[in-house]
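Residue-level structural notes
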Amino acid sequence: MLRSLRIKNFKGWKDTGVIELAPITVLFGNNSSGKSSIGQFLVMLKQTVRQSDRKTVLLLNGPQASVDLGSVSDVFYDHNLTENMEFHFKWDMDKRASIENSGKKDFYDQIEFEGEIKVSDPETQYLEVDKFKYQLFDKEKLKLSVGMKREKEKSNNGNYVLDSDIHFKRIKPGRGWKLTEPVKFYGFSDAALAYYKDSDFLQDLNLHQEEFFSKFYYLGPMRTKTKRAYSWSGVNPESVGDAGENTIAAILSAKKQDKKLKFPNTYRYKEFEVIVSESLKKMGLIEEYKIEKIGDRQEYEVKVRIKGADRFVGLPDVGFGVSQVLPVIVQLFYAPDNSVIFIEQPEIHLHPGAQALLADVIIDSIHMIDNGKKRRVQIIIETHSEHLLRRFQRRISEEEITDSDMKAYFAKNDQKSSELENLEVDNYGSILNWPDGFFGDMEDDMYKQSMNALTRRIAQRDRENG
């Protein structure tokens, strides 16, 4: 799980400050307030990790990119290419790991990564890693810091050195070799392993970073349009896709793998299809659905029966909200253990009642039991929905979740830089620092509507009474 995040000099953010994250983290804010940029930053790191070119520091656009962030100038705050982009994030590992160095063995279960990216030539907008560092923790106690940083002297021609609180012995003493540039934004170069003794674990740190982002999933705000038929050749997609394009393939894959989950305090595991169907039914969107193969072809059609209907119809023949929320629900339950899921506007095209019920489905997703243990799945949501928040608040008051299960933030851009305010939620679900104009001024609208109605009724009565 992602524990914390801080970003400096990225798009509209001079500095987000430390963002503490929970199993459910909700980002609110005005339009163009920068809340989407927080998720886009993480997506940018993921698409950089997964692309093939080891020398690309940050992948901003192109065919392998999930989000198109434009040019280098576009991603630096205020288009200022003289200030470094900085970021820190800390995450829990899948399982405890160990390091051996100079006969000493240390264990760690959390990693904090910090990086700084600079533009070495503003004219060509060439990106370089200025430095990066891994800090390894075991039970919240710092055990080791190690990274790479650029030597500052111009005569060193851009060489790097190890930056660590432990001493690395050279394999060949006396040799003055310098380290070549890092791998992407995070990786120790091959030379670091070749030049120093007891440095094999550096490659493990590269792999830990890649493993973390392999379980980071993004679902954008506009999901793919539904189709009459879906092709599936038996592959197992890693997710529903950035626009939900693999949703039906994910359902079929889960069925092939006999994926089952269990609600807490129940005895029976349920098939993946049943979980999805019950979630849609809970939200009042359908009564049931089914996926059927079309003849002998590798194509499938999705049939849905809505409430009050006695027959099934095709998915394109029901409300648009169903097709837009189906990828959300599938991703929530399809993601593997220890995943982080970032979803933009999960509530899009849903009526208010369904938006509130979607919050309950999100809560279900973090409580499900998989193979006898609770799933470790983290949901980060960028939303405009008051109804989602109100339902989370209610469930905290009812003790279905705790205040530590949810974090909420409000982004605003009243100044030159966006600002992020932590909404303080107590253990009764109350927000202690409700921002002005958070969801518009609903109370003022209701008050003025009531007063205007009263004034008009009095005037009408006076006219009628002469």
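Conventions and cut-offs
Residues numbered from 1 in each chain as written. Predicted model: local features only at pLDDT ≥ 70, side-chain atom pairs only at ≥ 80, totals over all residues. Heavy atoms only, no water. Helix = DSSP H or I, 4+ residues; strand = E, 2+ residues; numbered from the N terminus. Polar contact = N/O pair within 3.5 Å; in protein donor to acceptor, adjacent residues only side chain to side chain. Contact = heavy atoms within 4.5 Å. Axes fitted to C-alpha atoms, helices over the stretch in contact; angles between N-to-C directions. Parallel < 35°, antiparallel > 145°, perpendicular 65-115°, else oblique. Left-handed = near helix turned anticlockwise from the far one by under 90°. Nonpolar A, V, L, I, M, F, W, Y, C, P; charged D, E, K, R; others polar.

1. A short note on the side chain of Ser253
Here Ser253 shows up in helix H5 (residues 247-256). A polar atom in the side chain of Ser253 sits 2.7 Å from the side chain of Gln257. Those residues in contact with Ser253, other than ones at most four positions away along the chain, are Trp232, Val235, Asn236, Pro237 and Tyr334.

2. So, the packing of helix H1 (residues 35-50) against helix H4 (residues 200-214)
In contact at an axis separation of 10 Å, H1 and H4 are set at 120° when each is read in the N-to-C sense. In terms of orientation, H1 and H4 fall into the oblique class. You can see that H1 and H4 cross each other, and the crossing is left-handed. Here Leu42, Leu45, Lys46 and Val49 of H1 lie close against H4, whose contacting residues are Glu210, Phe213 and Ser214. Residue composition of the contact of H1 with H4, grouped by class: four nonpolar, one polar and two charged.

3. Things to note about unusual backbone geometry
Even without being a glycine, Asn9 presents a positive backbone phi close to 60°. Relative to the helices and strands, Asn9 resides in strand S1 (residues 2-10). Located in the positive-phi region is Asn371, a residue other than glycine, with phi close to 55°. Mapping Asn371 onto the fold places it in the loop between strand S18 (369-370) and strand S19 (373-374).

Taken by themselves, the reported measurements are silent on function.
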